[in-house]
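# An overview of the molecular structure
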Amino acid sequence: MPELYLRLLNRILTPVLLLLAIYLLLRGHNLPGGGFIAGLMAAAAFQLQILSRGHDRVRSAIGPYLNSGIGLGLAVAICAGVVGLFEGTFFKGLWFKLNLPLLGYLELGTPVIFDLGVFLVVVSVATSFLLGLSRVSESAVIIGEGSVSPDLTDDPAFDPMETAGETSREVES
Amino acid sequence: MLAASISLILISGIVLYLIRPERVAWAGWLAALPPLAVTVWQVSAASSGTLTGELYDAFHAEQYQWIEALGLALHFRLDGLSLLFGVIISGVGAAVALYTHYYLENDERQGYFYLALFAFMASMLGLVWADNLLTLFVFWEGTSVTSYLLIGYTHRSAIVRGGARNAFIVTAAGGLALLAGLILLGQESGSYTISEIVTRPGLTELELYPAILVLILLGAFTKSAQFPFHWWLPGAMAAPTPASAYLHSATMVKAGIYLLARLHPALSEHPMWLWSLLIFGGITMLIGAITAVRYWDMKALLAYATVSQLGVLTTLLAFRSEAALLAVVVGILAHALYKGPLFLVAGIVDHATGSRDLRKLAGLRHSLPATSAVAIIAALSMAGLPPLFGFVAKEALLETFFESAEHGAVAGWIAFGAAAIAGAFFVTFSLTLLWEAFWRPGSKDATVSTSSEGAGPVGPTPIHHAPAAPFVAAPLILVACGTVAPFALQPLSFFFEAAASSIYGETVHKHAALWHGFTPVLLTSLLAIAAGAWLFLNRSLLRRSLARLPERLRGVVIFQGVLDGMYALAQVTARFSQGYTLASQSAIVLLAAFLPVVVALRQIQLNDLIPTADVLPGAPETILILMTVVSAYVTIRVRTRLGAIVSLGVVGVSVTLFYVFFSAPDLALTQLLIEVLTVVLLVLVFTKLPPDTRPPLQRLKQTRNVLVALAAGAFGFFLVLFNRSGAFQAAQSISGYFLNNSVPSGHGANVVNVILVDFRGFDTMGEITVLALAALGGYALLNAPRVNLPSARSARPESNFATERDRTISETESDTTESEPTKETE
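Counting restarts for each chain: residues are numbered from 1 in the order of the written sequence. Both sets of labels track the order of writing: A upward for chains, 1 upward for ligands. Totals for whole chains, interfaces and linings use all residues, but because this is a predicted model, local features are given only for residues with pLDDT of at least 70 and pairs of side-chain atoms are given and counted only at 80 or more.

Let us look at the overall build of chain B. Strands are runs of DSSP state E lasting at least 2 residues, helices are runs of H or I lasting at least 4, and numbering of each runs from the N terminus. Within chain B, the secondary structure is distributed over 34 helices and two strands. Dimensions of chain B, computed from the C-alpha atoms along their principal axes, are close to 110 × 65 × 50 Å. Field definition: a residue is buried when 20 or more other C-beta atoms are found within 10 Å of its C-beta, exposed when 12 or fewer are, and partly exposed for counts in between, with C-beta atoms placed from the backbone. By the burial criterion, 44% of the 826 residues in chain B qualify as buried. Pairs at least 24 residues apart make up 77% of the contacts formed inside chain B by residues separated by at least 6 positions. Here contacts are defined at the residue level, using C-beta atoms placed from the backbone and a cut-off of 7 Å between them.

Counting its regular elements, chain A contains five helices and two strands. In chain A, the succession of α and β elements from N to C terminus is α-α-α-β-β-α-α. For chain A, with 173 residues in total, the buried portion stands at 42%. Sequence separation of at least 24 residues holds for 66% of the intrachain contacts in chain A that already meet a minimum separation of 6.

This brings us to the environment of B:Arg637. As for its position among the elements, B:Arg637 is in helix H25 (residues 619-637). Counting along the chain gives 310 residues from B:Arg637 to B:Ala327, while the straight-line C-alpha distance between them is 85 Å.

For the rest of this paragraph, the subject is the nonpolar core. Counting 211 residues, the largest nonpolar core has B:Leu326, B:Val329 and B:Val330 as the members making the most contacts within it. The residues contacting B:Val330, other than those within four sequence positions of it, are B:Val392, B:Ala393, B:Ala396, B:Phe496 and B:Ala512. If you look at the next biggest cluster of nonpolar residues, it comprises 59 residues, including A:Phe36, A:Ala38, A:Phe46 and A:Leu133. Defined on buried residues, the nonpolar core groups Ala, Val, Leu, Ile, Met, Phe, Trp, Tyr and Cys residues joined through C-beta atoms within 7 Å.

The next subject is helix H5 (residues 133-151) of chain B. To estimate how far a helix should reach, multiply one less than its number of residues by 1.5 Å. The first and last C-alpha atoms of H5(B) sit 27 Å apart over 19 residues, in line with the 27 Å expected at 1.5 Å per residue. Within H5(B), 14 of the 19 residues are buried, which leaves it mostly tucked inside the rest of the structure.

This paragraph deals with the packing of H25(B) against helix H26 (residues 641-661) of chain B. Residue and element names in this part refer to chain B. Close contact between H25 and H26 brings their axes to 8 Å; oriented N to C, the two are set at 160 degrees. It follows that H25 is roughly antiparallel to H26 by the angle criterion. Here H25 and H26 pass one another in a crossing that is left-handed. From H25, Pro620, Glu621, Leu624, Met627, Thr628, Ser631, Ala632, Val634 and Thr635 reach across to H26, where they touch Ala644, Ser647, Leu648, Val650, Val651, Ser654, Val655, Leu657, Phe658 and Phe661. For this classification, Asp, Glu, Lys and Arg are treated as charged, while Ala, Val, Leu, Ile, Met, Phe, Trp, Tyr, Cys and Pro are nonpolar and the rest, including Gly, are polar. In terms of residue class, the contact of H25 with H26 is built from 13 nonpolar, five polar and one charged. Here an angle of 0 to 180 degrees is reported between the N-to-C directions of two axes, which are lines fitted to C-alpha atoms, with helices fitted over the stretch in contact. These descriptions rest on fixed angle ranges, namely under 35 degrees for roughly parallel, over 145 for roughly antiparallel, 65 to 115 for roughly perpendicular, and the rest for oblique. By convention, the crossing between two helices is left-handed when the near helix turns anticlockwise from the far helix through less than a right angle, and right-handed when the turn is clockwise.

Turning to the confidence of the model for chain B, a few remarks are in order. Residue and element names in this part refer to chain B. Chain-level pLDDT for chain B is 82 on average; 90% of the residues reach the 70-or-more range. Here residues 444-456 scores under 50 on pLDDT; set against residues more than four positions off or in separate chains, the count is 17 contacts. Predicted confidence is poor over residues 787-826, with pLDDT under 50, and the contacts of this stretch with residues over four places away or in other chains come to 41 contacts. Both confidence scores are given for the complex: pTM 0.72, ipTM 0.77. Every residue carries a pLDDT, the predictor's confidence in it, which falls somewhere between 0 and 100.

Moving on, we get to unusual backbone geometry. All names here are of chain B. The residue after Phe227, namely Pro228, is reached through a cis peptide bond having omega 5 degrees. Along the chain, Pro228 falls in the loop between helix H8 (209-223) and helix H9 (232-235). Although it is not a glycine, Arg20 sits at a positive phi angle of roughly 55 degrees. Structurally, Arg20 is set in the loop between helix H1 (2-18) and helix H2 (27-47). Phi is positive for Ser663, which is not a glycine, with a value near 45 degrees. Residue position: Ser663 is located in the loop between H26 and helix H27 (665-686). Residue class for Ser663 comes out exposed when judged on the 8 C-beta atoms lying within 10 Å of it.

With 10 of 10 residues buried, helix H10 (residues 241-250) of chain B lies mostly within the body of the structure. As for H10(B), its buried residues are in contact with helix H3 (80-103), helix H4 (110-129), H5, H9, helix H13 (298-317) and helix H14 (322-353) of chain B.

Here we take up the packing of H1(B) against H4(B). All names here are of chain B. Two elements in contact, H1 and H4, have axes whose closest approach is 7 Å; the angle formed by their N-to-C orientations is 170 degrees. Classified by the angle their axes make, H1 and H4 are roughly antiparallel. Touching Leu2, Ser5, Ile6, Ile9, Leu10, Ser12, Gly13, Ile14, Leu16 and Tyr17 of H1 are Gly111, Tyr112, Tyr114, Leu115, Phe118, Ala119, Met121, Ala122, Leu125, Gly126 and Trp129, all from H4. Considering only residue class, the contact of H1 with H4 consists of 16 nonpolar, five polar and no charged.

Residues and elements named next belong to chain B. For Phe118, the location among the structural elements is in helix H4. When the 26 C-beta atoms within 10 Å are taken as the criterion, Phe118 is described as buried. It is 9.3 Å that separates the C-alpha atoms of Phe118 and Leu16, two residues lying 102 residues apart in sequence. Residues contacting Phe118, with those up to four places away along its chain left out, are Ile9, Leu10, Ser12, Gly13 and Leu16.

Moving on, we get to the environment of B:Val214. Residues and elements named next belong to chain B. For Val214, the position within the fold is in helix H8. By the C-beta count within 10 Å, which is 14 here, Val214 ends up partly exposed. Here the alpha-carbon distance between Val214 and Val392, two residues 178 residues apart in the chain, equals 32 Å.

Once that is clear, we can look at the confidence of the model for chain A. Residue and element names in this part refer to chain A. On average, chain A scores 75 in pLDDT, and the residues at 70 or more come to 70%. Put simply, helix H5 (residues 160-172) is where chain A has its lowest mean pLDDT, 40, and helix H2 (residues 35-53) is where it has its highest, 89. Predicted confidence for residues 144-173 stays below pLDDT 50, and this span has 52 contacts to residues more than four positions away or in other chains.

Structural data, given as structure tokens:
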């Protein structure tokens with residue numbers, strides 16, 4: 001039955017976490033937050049999804065966008081840096097002051113856009129690792145039923161990547 | 001106009017790419033137009049005379065600013081030498097552009113080929129028109145890159161990929177050396193403008209002259225396929241024939257010759273120049289000429305002939321006489337006008353019969369009369385028979401060497417001897433090519449001979465695809481130009497003299513001639529022809545003895561050995577620096593970070609490190625420290641995985657609390673999120689793994705791990721102490737700057753974030769790039785059906801010698817790799 005609670009929690013928490021991520025991203029320049037933290041927060045939301053709904057469904061929903069997300073994030077970050085060239089040098093910060101009717105007075109600059117790029121990269125990278133590892137952990141169960149890996153490493157394996165490599169090598173043999 | 005011409009060529013390439021030329025019947029003619037226009041423009045610009053009226057001066061010059069901060073400028077200049085090369089590039093380019101449409105008929109990627117070809121043409125024009133060392137270098141590299149694309153056009157074949165790779169590695173490595181040489185030259189002479197450098201006296205007396213010379217020669221020799229780099233050129237014959245004809249006979253391989261000619265006035269007045277060009281040029285000339293006859297592939301034979309011709313030109317440039325420079329100029333034009341058509345003919349034969357193998361071809365003069373006529377004239381010109389253009393060029397060069405020898409120069413005798421020997425072999429392989437492919441009758445009932453000698457009876461090769469008229473027109477036009485030239489030497493002399501004068505730096509008063517009278521040179525020439533004919537009759541003997549040369553002496557084989565050695569070295573380095581287990585890898589990383597800090601710490605007094613009373617922890621911090629230490633100890637002691645994960649989580653959260661206490665909310669947030677994600681992830685992965693039944697670690701390894709851990713801990717401890725020490729506090733801190741400037745110039749109150757995205761935005765850029773790369777690596781690792789340990793076999797890209805079987809295996813492998821994730825999604 002724990003699945004049920006998890007699903008309920010997921011229903012409530014995922015939107016909250018994602019909104020929180022956006023909030024952290026937007027306020028990052030003046031208060032604790034920023035692209036990196038916001039990215040991790042969004043990744044946590046996806047992690048919750050993976051746990052409650054299984055990685056297959058999450059993968060089919062957002063999987064195709066992850067690699068493009070990394071590229072897009074890098075592109076946004078580079079563009080934010082290139083804009084500075086018009087005013088002098090690469091990565092020179094440019095600021096615009098906007099007076100929007102609803103949001104009020106807003107200060108927008110290339111560093112904020114750069115932060116958006118960081119956010120995109122971090123959330124895509126973290127989620128793609130989470131998805132990949134949860135798939136590996138599932139296949140590990142299948143292997144685990146048959147053989148037991150005797151001579152992995154000389155270290156109590158705390159690195160999931162290492163384990164992923166080892167189990168996969170077993171498939172080969 | 002010069003910059004506009006380069007842009008015109010580039011834009012035409014893009015247009016040709018967009019119109020899908022394989023579907024347009026007149027695309028070949030359309031493609032020939034822009035290069036033709038550039039040719040006409042160059043000739044008309046030259047006919048109006050030079051800027052100052054002196055023959056060695058420029059006809060036309062242009063200057064544009066590029067990057068002022070670096071002193072980079074786009075200087076273009078059209079003088080006699082540039083005109084010679086420019087006319088060859090655009091003129092032969094027009095013929096090749098026409099030819100390509102028919103060679104690659106019905107090929108879907110024809111547009112791509114045109115794009116690469118025109119980009120190459122633009123780079124080549126830029127290279128010969130550039131009047132600034134750095135501009136020249138940019139275009140030089142442009143030719144390397146575009147030629148790589150052209151050679152690797154049929155990239156599904158491993159042999160093609162290998163050839164393209166080898167050519168690129170050699171020319172790009174030479175390019176690097178050249179860049180160093182050009183910068184040295186620019187710094188030492190005080191100018192980057194070529195036309196100023198060449199008028200500057202005394203460059204050869206510079207202390208750095210040997211270094212400049214060696215670096216520049218490396219660049220020129222790699223590009224122009226001189227010994228010991230000559231082998232990349234035959235390997236590059238894997239390119240489609242239009243590319244071979246254009247790049248590897250008429251233009252790109254002459255870029256090195258062009259560079260030597262361009263810098264000739266500045267650098268040639270030194271014995272080092274004479275001897276290095278003479279020796280390397282001479283060896284190249286002989287190797288190319290002697291080994292050409294060994295190859296059955298028409299293109300390979302022509303490639304070695306080209307290597308030999310390039311050696312001849314290099315040897316000529318070793319000398320400083322007017323006659324030598326005139327011979328260079330005539331030789332370049334003659335070579336373009338006979339070798340280009342021969343390559344094009346090889347392509348037509350390949351297209352019509354499906355083979356370029358001399359063992360399988362015979363009697364083409366009946367089935368391909370027009371093509372054969374072109375081939376016969378061009379090959380006789382290559383052999384240097386009168387009254388063809390090749391003869392004029394050969395006489396000019398023998399005359400030069402003989403003249404130098406008559407003055408008692410040893411170099412002259414060496415060059416004369418080598419050229420005479422090479423001349424004989426030129427006759428041999430030209431006649432072999434002619435006889436075996438085009439002239440020999442071939443018996444009607446004979447099947448294809450399989451004997452390695454190729455002497456067996458061969459039937460006349462059947463034609464299954466007659467060439468279209470414009471297809472043959474391209475080489476025909478070039479050969480016609482070459483045939484008319486010897487009888488039009490008078491009108492052409494302006495062209496030759498302008499080119500020779502701009503190399504010489506003064507006006508040259510010397511004319512090429514078809515007939516020099518009965519001289520020792522003519523006698524030598526006739527003797528060489530006779531010797532060549534005799535060798536042609538005994539060519540099977542020659543081929544047998546050449547085949548006996550050991551395989552491992554071939555340049556390609558040696559180069560592959562060097563490459564393999566590099567991969568092996570890389571593997572050893574990787575094994576040493578990364579290790580194969582998590583423990584050894586983290587040990588290496590930690591210790592590597594540790595060492596520089598130890599060195600830095602040795603600079604300060606030890607008693608500086610003793611902390612003052614005010615930095616001792618208070619009650620809350622003490623509790624946190626205890627919590628961290630205890631949970632860390634539990635982590636290594638606890639037997640179950642879940643227990644270890646949880647206690648590791650406690651360590652992380654305690655550290656987070658530290659950040660909270662010391663008011664670093666951003667760090668605390670990040671750390672907390674990372675902790676949450678890792679703990680959940682570890683629970684996810686490890687609880688599903690089979691129980692750990694491995695035997696406990698060996699004592700030795702355990703000790704090693706403990707020592708590394710202790711070292712890392714000590715490193716952190718001392719770093720913090722150092723942070724609090726008087727020496728560090730006395731140094732000027734950067735924090736003040738960040739705190740003061742964050743709001744006014746960073747427009748943000750969160751200093752940490754402003755540092756990340758603004759003050760140190762470039763660092764963050766690097767970090768997210770690393771993250772992205774790590775994600776790609778992880779993606780490959782986690783989604784691969786199986787993971788291979790790096791081994792010599794898999795780490796090495798396919799070599800020249802990879803067989804067809806290898807290729808299919810690797811392709812199936814990659815197929816499965818790609819299809820696996822898709823299956824998962826479904």
